[in-house]
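# Coordinate analysis (summary)
Each chain, letter by letter, is given below.
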Amino acid sequence: MQNRLLIKNKNLKTEIIIRKNYISKFIEEIANKNERVFCIFDSKVKNSFKFTKQKNIKVFSIKCGEEIKTINVYKDLTEKLIKNNVNRRSIIVAIGGGTLGDLVGFAASTVLRGLDFFLVPTTLLSQVDSSIGGKNGINTNFGKNLIGTFYQPKKVLIDISVLNSLPKKQIKSGYAEIIKHALINDYSFFCWLEKNSNKLLNLNKSFLEKAIYKSIKIKLFYVNKDEKEILLNNNSRAMLNFGHTIGHAIESHYNYKKYNHGESISIGMITEAKISNYLGLLSSVELERIITHFKKCRLKIYDYIIKDKLLINKLTKDKKNYLNYINFSLINKIGSSIFYKKLDKNKVYKILKNI
Ligand SMILES: NC(=O)c1ccc[n+]([C@@H]2O[C@H](COP(=O)([O-])OP(=O)(O)OC[C@H]3O[C@@H](n4cnc5c(N)ncnc54)[C@H](O)[C@@H]3O)[C@@H](O)[C@H]2O)c1
Ligand SMILES: [Zn+2]
């Protein structure tokens, strides 16, 4: 892998840069080219970067986690920006994990009806998934990500050197989204992961960069075909939601406390692979192969709540639904996904009881 990799995406007008040890320089460069820069840091990473303090850089920091994706934190942040004289030529830079990116992206897209926004993801999950594709948002009491916009960052900088401080639990969370990309789209990538998961989980740099690059390409494939998630077919951006219909319901049920995002969607992926198998879409041999890989990587695969009626009420709040039906993004083979429409909620309950 080269030292610097650029993915210029013309449709989205986003530039994705993969480059090591570059974050401080990146901030200085933005400050040199723009009138005013608001850098919003995850407080856990703020002190890792030493950039020249220029007068036009204003630094905020936020203690991050799912609990910041609320209307109250959004209100505080946007009012702070306005109080500090943000204007239409200001640049917003978010340096942190997926929760910070989702919150700040939403703020950037709405303050003064939209400001230029740059993203520096600092968790594996945000590097392989949430920083790509322009979705942002906050949660409500009724479910996850129910308020938000589609708003593309101008640039995304992926610097894997920042991952050294990331706890193993968070690395596994990001790895879950990498597997998701392989499962929905790329059989040979899944085989490669089966061979190399240990190296990835131990942050072997060249393997990690390859997996990040592959993941981004797969995500961009769907985002370019269906940026606003309008399609209801196998090219829909919703395919990236494999594991998330169940996963989001689990997160919401436990009020985002019991599991992190990657853990919830790991349980979600195994449950939805079982649903795929129950519906005759995925063979039992392939289902077992997937479960074996999850077990080898010590990813979560089960929680008793999936058999509880309470989860069904959460499932009906999913954004992919319409009328009384639940829509799933399922897999019909390893590396191939299918948009599965209109499962009646009683049928889903029955399936979940039986798998
Ligand atoms: N917008 C999208 O398309 C999209 C896609 C996937 C997931 N998401 C969202 O992303 C969120 C999850 O993101 P996440 O897993 O990055 O969670 P996170 O932002 O909560 O980060 C996880 C933890 O790691 C800490 N952290 C961040 N960078 C660190 C570093 N370099 N070293 C040490 N600690 C660090 C954070 O402070 C936090 O405690 C969820 O809210 C999920 O819904 C969004
Ligand atoms: Zn996800």
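Here goes a summary of the coordinates provided. (Residues numbered from 1 in each chain as written. Chains lettered and ligands numbered in written order. Predicted model: local features only at pLDDT ≥ 70, side-chain atom pairs only at ≥ 80, totals over all residues. Heavy atoms only, no water.)

On to the overall build of the protein, then. When helices and strands are counted, the protein shows 12 helices and 11 strands. Here the protein has a C-alpha radius of gyration of 20 Å; the compact-globule value for 355 residues is 20 Å, and the two agree. Dimensions of the protein along its principal axes, counting C-alpha atoms only, are 60 × 40 × 35 Å. Residues classed as buried in the protein amount to 57% of the 355 residues present. (Helix = DSSP H or I, 4+ residues; strand = E, 2+ residues; numbered from the N terminus. Rg over C-alpha atoms; globule rule 2.2 N^0.38 Å. Buried < 20%, exposed > 50% of the residue type's maximum accessible area, 1.4 Å probe, protein only.)

Moving on, we come to the coordination of the zinc ion (ligand 2). Here the zinc ion (ligand 2) is held by Glu-177 (OE), His-244 (NE2) and His-261 (NE2), and the distances to it run 1.9 to 2.1 Å. Owing to a relative accessible area of 5%, His-244 belongs among the buried residues under this scheme. Assessed through its relative accessible area of 17%, His-261 is described here as buried. (Donors = N, O, S within 2.8 Å, 3.2 Å for Na, K, Ca; no water.)

With respect to spatial proximity, 26 residues lie near ligand 1, and among them Asp-42, Gly-98, Thr-99, Thr-123 and Ser-165 are the closest. Between ligand 1 and Asp-42 there is a distance of 2.7 Å, counted from an oxygen atom to a side-chain nitrogen or oxygen. Between ligand 1 and Val-162 there is a distance of 3.0 Å, counted from a nitrogen atom to a backbone nitrogen or oxygen. Elements with a contribution of two residues or more to the shell around ligand 1: α3 (98-110), α4 (124-130), β8 (143-147) and α5 (168-185). Of the domains in this structure, domain 1 (4-162) and domain 2 (168-354) are the two that each give at least three residues to the shell around ligand 1. (Near = heavy atom within 4 Å. Polar contact = N/O pair within 3.5 Å; in protein donor to acceptor, adjacent residues only side chain to side chain. Domains from an automatic or database assignment.)

This part takes up the pairing of strand β11 (residues 336-344). Pairing analysis gives seven bridges linking strand β10 (residues 325-333) to β11, with the strands arranged antiparallel. Across the sheet, the residue bridging to Lys-333 is Ser-336, located in β11. (Pairing = 2+ DSSP bridges.)

Moving on, we come to a nonpolar patch on the surface. Together, Ile-71, Phe-142, Leu-146 and Ile-147 line one region of the surface with nonpolar side chains, adding up to about 360 Å² of accessible area. Checked against the element boundaries, Ile-147 lands in strand β8. A relative accessible area of 33% places Ile-147 in the partly exposed class. (Patch = residues over 30% accessible without salt bridge, like charges linked within 9 Å, V, L, I, M, F, W, Y side chains within 5 Å. Areas by Shrake-Rupley, 256 points an atom, 1.4 Å probe, with all protein chains shown as cover. Salt bridge = Lys/Arg side-chain N within 4 Å of Asp/Glu carboxyl O.)

Our next topic: the state of the cysteines. Tallying each qualifying case throughout the model produces zero disulfides. Summary of cysteine pairing: Cys-64 is not part of a disulfide, and the nearest cysteine sulfur, belonging to Cys-39, is at 14 Å. Distance from the sulfur of Cys-297, which forms no disulfide, to the nearest cysteine sulfur (Cys-191) is 14 Å. The class for Cys-297 is buried, based on a relative accessible area of 5%. (Disulfide = S-S within 2.5 Å.)

Helical periodicity: at 3.6 residues per turn, an α-helix aligns residues three or four positions apart in one direction. With 15 residues, helix α6 (residues 187-201) ought to run about 21 Å at 1.5 Å a step, and its terminal C-alpha atoms sit 20 Å apart, in line with that. Of all the bends in α6, the greatest measures close to 65° and is centred on Lys-195. Those residues of α6 lying buried are Phe-189, Phe-190, Trp-192, Leu-193, Asn-196, Ser-197, Leu-200 and Leu-201. The inward-facing, buried residues of α6 abut α5, α7 (205-225) and α10 (284-296). One or two positions beyond α6, positive phi appears at Leu-203, with a value near 60°. (Expected span 1.5 Å × (residues − 1). Bend = angle between axes of the 7 residues up to and from the residue. Contact = heavy atoms within 4.5 Å.)

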